Amino acid sequence: MEKKTMLMASLLLAAAEVAQAGGILTNTNQSVDFLRNPARDAAIGLDGVYSNPAGVVFMSEGLHLAVNWQYAHQTRTINSTNPVFTLGRKNNGQSVKTFEGVADAPCIPSVQAAWNKGDWSVQFNFSVPGGGGKCEFADGLGSFESVVGGIAQKFMQLDQTAIALNGLTASLSPLYTMTGTELPGEVPTHGVGGYDMDGYMQGRQYYFGFQLGTAYKVMDNLSVYGGLRLLYGTATYRAKISNIMVKTGIGYVSFEDFLPNVPVQAQQAAATAQSHLAIINAYEQAGQPMTPELTAAKTQLQNGLQQLAQSQGEMQKLAKYSQGVNLLDNQTSLGIAPVVGVDYKLNDKFNFAAKYEFKTQIRMKNESTVNEASEIAAVNRYRDGEKVNEDQPALLTVGAQWTPIDQVRLNLGAHLYFDKNANWYNNSQEQLSHNTYEVLAGAEWDVSSRFTVSAGGQLTRYGLTDQYMNDMSFVVNSYSFGFGGYYRFTDRLKVSAAYFQTNYGTYDRTNYPQAGVNDSFTRTNRVLGLGVEVTL
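Calculation criteria
Residues numbered from 1 in each chain as written. Predicted model: local features only at pLDDT ≥ 70, side-chain atom pairs only at ≥ 80, totals over all residues. Heavy atoms only, no water. Helix = DSSP H or I, 4+ residues; strand = E, 2+ residues; numbered from the N terminus. Rg over C-alpha atoms; globule rule 2.2 N^0.38 Å. Buried < 20%, exposed > 50% of the residue type's maximum accessible area, 1.4 Å probe, protein only. Contact = heavy atoms within 4.5 Å. Areas by Shrake-Rupley, 256 points an atom, 1.4 Å probe, with all protein chains shown as cover. Lys, Arg positive; Asp, Glu negative; His and termini not counted. Charge placed at Lys NZ, Arg CZ, Asp CG, Glu CD. Core = buried A, V, L, I, M, F, W, Y, C linked by side-chain atoms within 4.5 Å. Pairing = 2+ DSSP bridges. Phe/Tyr/Trp six-rings, centres within 6.5 Å; stacked < 30°, edge-to-face > 60°. Lys NZ or Arg CZ within 6 Å of the ring centre and 35° of its normal. Salt bridge = Lys/Arg side-chain N within 4 Å of Asp/Glu carboxyl O. Axes fitted to C-alpha atoms, helices over the stretch in contact; angles between N-to-C directions. Left-handed = near helix turned anticlockwise from the far one by under 90°. Nonpolar A, V, L, I, M, F, W, Y, C, P; charged D, E, K, R; others polar. Patch = residues over 30% accessible without salt bridge, like charges linked within 9 Å, V, L, I, M, F, W, Y side chains within 5 Å. Disulfide = S-S within 2.5 Å. Polar contact = N/O pair within 3.5 Å; in protein donor to acceptor, adjacent residues only side chain to side chain.

Comments concerning the overall build of the protein chain
When its secondary structure is counted, the protein chain shows 8 helices and 18 strands. Rg of the C-alpha trace for the protein chain: 31 Å, well past the compact-globule value of 24 Å for 536 residues, more than 25% over. Seen through its principal axes, the protein chain has C-alpha atoms that stretch 110 × 35 × 35 Å. Counting only residues that meet the buried cut, the protein chain has 54% of its 536 residues in that class. By sequence separation, contacts in the protein chain at least 24 residues apart represent 74% of the contacts at least 6 residues apart. Just so you have it, the protein chain exposes about 22,600 Å², and 55% of that area is on carbon and sulfur atoms. In the protein chain, the 39 positive side-chain charges and the 46 negative ones have mean positions that sit 5 Å from each other.

What follows is the structure, given as structure tokens:
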């Protein structure tokens, strides 16, 4: 059964990245400074090791070191509508069901370091530019349950076929008597009326980034940067569907115990349908008049035999899932890409900067319990030993900073993620309508020589389409804001704190082949951060 085979794909497709800010696969919140003001693309500071590496050379000479800690909490909510949900034991006859995933990242670390000497700056950055946490759907996903509900529907259809054949047995009895053929026995029915199940999904994904590069001051007001970023990806997906039950006329029966009844029922139904068709054909060949009822019955039986043959093949595929599904997939990968940047200072009032991160080729290698090729290609994404395309797309950032007075800095920025030029599994990037883009703005105010406060916002827009969206991995257009500050305890030590929140819209997916099926997607995201920076 094709829908049933989708069960295996659904179990592992739920990505667990906790992308607090940035593109579909890219996190840009690499420091507490970003949390308190996301528009850091042209700011001069140690966090620029990630956001504006060319500008770091304009900091004071010496060794600068910053350590950042972030805690992120995110929810993912899918309101799924599907007529088969009405058959679920726990759904109270409702066709709409809410599935919520909770993603926690208790520790997202990052380290920035720079050694400035003369016209040179040697820099290092460690961060988590992709993924960053664990997501858990305690009740599974709608795509899990809709498949199990579809199985119950198939069983109900077999019952309905059996009832129809038994009715034909009675109406065709005169033909059986006329030809002296024994009437077939009654096809058994089981009174299937619903299902029950327990679903669970957990995913964990981290991309650890190590960036090393050098900035050079070409002139007093112009600098350039070149570096390399190494990405190490690791992910684990766990999924389980258990306690699958079939509601019958005698109560709920385990799927494992019920399944042997199905081929028996299907075989008897096929034998009865063939017997009925043979009687009608014999009657017609004998030159007897075909009534509209007999003609309709003949067409119904011919179609029914084709459906029964298909069902028998589908039921054989169900046997390996009779005890539920318990799957595990571990993925790892390594990728490397260049990063270049430029910074230009226009007097003491304006600073302009740009950075380009090249595409990082990622091929996640599976160590999985999926050992055999599946009937559906999507499942093979998680087959043991397979390498899966999951590139981190190229990213262009540009920014400007204006200092109207010495105590105030105003920031603007823009990001463009080249999603459609990346290579993702099954070429899913081609389903996007456009590349992701962001616009950012913020401000920073030195309240005193020791204390600074800042705030900013970010607008993120993805090229989402119904073909791209699914309940197993989704993003939603959003706007974010952050605020915070830092305090200089000494000229060489400062401590930062910030809060960052993303407010998501809602995406309604309605382009399903089945009538009455749709999904509504949204998310929440909140981040706290603390950072310490020292100059040696």
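So, the nonpolar core
Within soluble globular proteins, side chains that are nonpolar tend to cluster in buried spots. In terms of nonpolar packing, the biggest core is built from 73 residues, with I24 and F155 touching the most fellow members. A total of 10 residues in this core trace back to one element, the largest contributor, which is helix 4 (residues 142–171). If you look at the next biggest cluster of nonpolar residues, it comprises 11 residues, including F34, A105, F500 and V527.

Considering unusual backbone geometry
Its identity as a non-glycine residue notwithstanding, N243 has a phi of 55 degrees, on the positive side. You can see N243 is positioned in strand 5 (residues 222–248). Positive phi is not limited to glycine here, since N426 has a value of about 60 degrees. Classification of N426 as exposed rests on a relative accessible area of 64%.

Describing the pairing of strand 7 (residues 325–346)
In this sheet, strand 7 lies alongside strand 5 in antiparallel orientation, the contact comprising 20 bridges. If you follow A239 over to strand 7, its bridge partner there is L327. Pairing between strand 7 and strand 9 (residues 363–368): 4 bridges, direction antiparallel. Its bridge partner being in strand 9, T332 is matched across the sheet by K365. Sheet analysis places strand 7 next to strand 8 (residues 350–357), joined by 8 bridges and oriented antiparallel.

With respect to the packing of aromatic side chains
As enumerated under the stated definition, the model contains 15 aromatic pairs in all. Between F350 and F352, the aromatic rings sit 6.3 Å apart at their centres with planes inclined by 5 degrees, giving stacked as the arrangement. Among the aromatic residues, ring-to-ring pairing joins F126, Y206, F208 and F210 into one connected group. K345 extends its terminal NZ or CZ atom over the ring of F58, reaching a point 5.3 Å from the ring centre. A cation sits over an aromatic face here: K494 above Y486, 3.9 Å from the ring centre.

Describing the pairing of strand 15 (residues 478–490)
In regular strands, side chains alternate between the two faces of the sheet. Where strand 14 (residues 451–461) lies against strand 15, 10 bridges are found, and the strand directions are antiparallel. Residue pairing for strand 15: T460 is matched across the bridge by S478. Relative to strand 16 (residues 493–504), strand 15 runs antiparallel, the two sharing 12 bridges. Residue pairing for strand 16: G482 is matched across the bridge by F500.

With respect to the pattern of salt bridges
Taken as a whole and judged by the stated rule, the model has 17 salt bridges. With its nearest N and O atoms 2.8 Å apart, the salt bridge here joins E357 to K355. E357 sits in the buried class, given a relative accessible area of 1%. According to the relative accessible area criterion, K355 is buried, its value standing at 3%. Among the ionic pairs, D491 bridges to R450, the shortest N-O distance being 3.8 Å. With D491 in the loop between strand 15 and strand 16 and R450 in the loop between strand 13 (436–446) and strand 14, this residue pair connects regions lying 41 residues apart in the sequence. For D491, a relative accessible area of 67% corresponds to the exposed category. One continuous salt-bridge network, built from bridges that share partners, spans D33, R36, R40, D47, R409, E444 and D446.

Description of the packing of helix 4 against helix 7 (residues 261–285)
It is at 10 Å that the axes of helix 4 and helix 7 come closest, and there the two elements cross at 35 degrees. Crossing of helix 4 against helix 7: the hand is left-handed. Residues F155, L158, D159, A162, L165, L168 and T169 of helix 4 lie in contact with helix 7, whose contacting residues are V262, Q265, A266, A269, T272, A273 and H276. A class-by-class count of the residues in the contact of helix 4 with helix 7 yields 9 nonpolar, 4 polar and 1 charged.

Notes on a nonpolar patch on the surface
Taken together, the side chains of L63, W115, V122, F124, F210, L212, L228, L230, Y232, L334, I336 and L536 make up a nonpolar region of the molecular surface, amounting to roughly 1,100 Å² of accessible area. At the level of elements, strand 3 (120–137), strand 4 (194–219), strand 5 and strand 7 are the ones that each hand at least two residues to the nonpolar patch.

Thoughts on the state of the cysteines
A full pass over the atoms with the stated rule returns 0 disulfides. The thiol of C107 is unpaired, and the distance to the nearest cysteine sulfur, on C135, comes to 19 Å. Relative accessible area serves as the criterion here: at 2%, C135 is assigned to the buried category.

A word on the side chain of D446
Residue position: D446 is located in strand 13. Looking at D446, the relative accessible area reads 18%, which means it is buried. Polar side-chain contacts of D446 include one of 2.7 Å to the side chain of T452. Filtering out sequence-adjacent residues up to four positions away, D446 remains in contact with D406, Q407, R409, F451, T452 and Y486.

So, the environment of D33
Assignment of secondary structure puts D33 in helix 2 (residues 32–36). Under the relative-accessibility criterion, D33 is labelled buried at 6%. Considered as a pair, D33 and W445 are 412 residues apart in the sequence and their alpha carbons are 13 Å apart. Once you skip the residues sitting within four places of it in the chain, D33 turns out to touch R40, D47 and S496.

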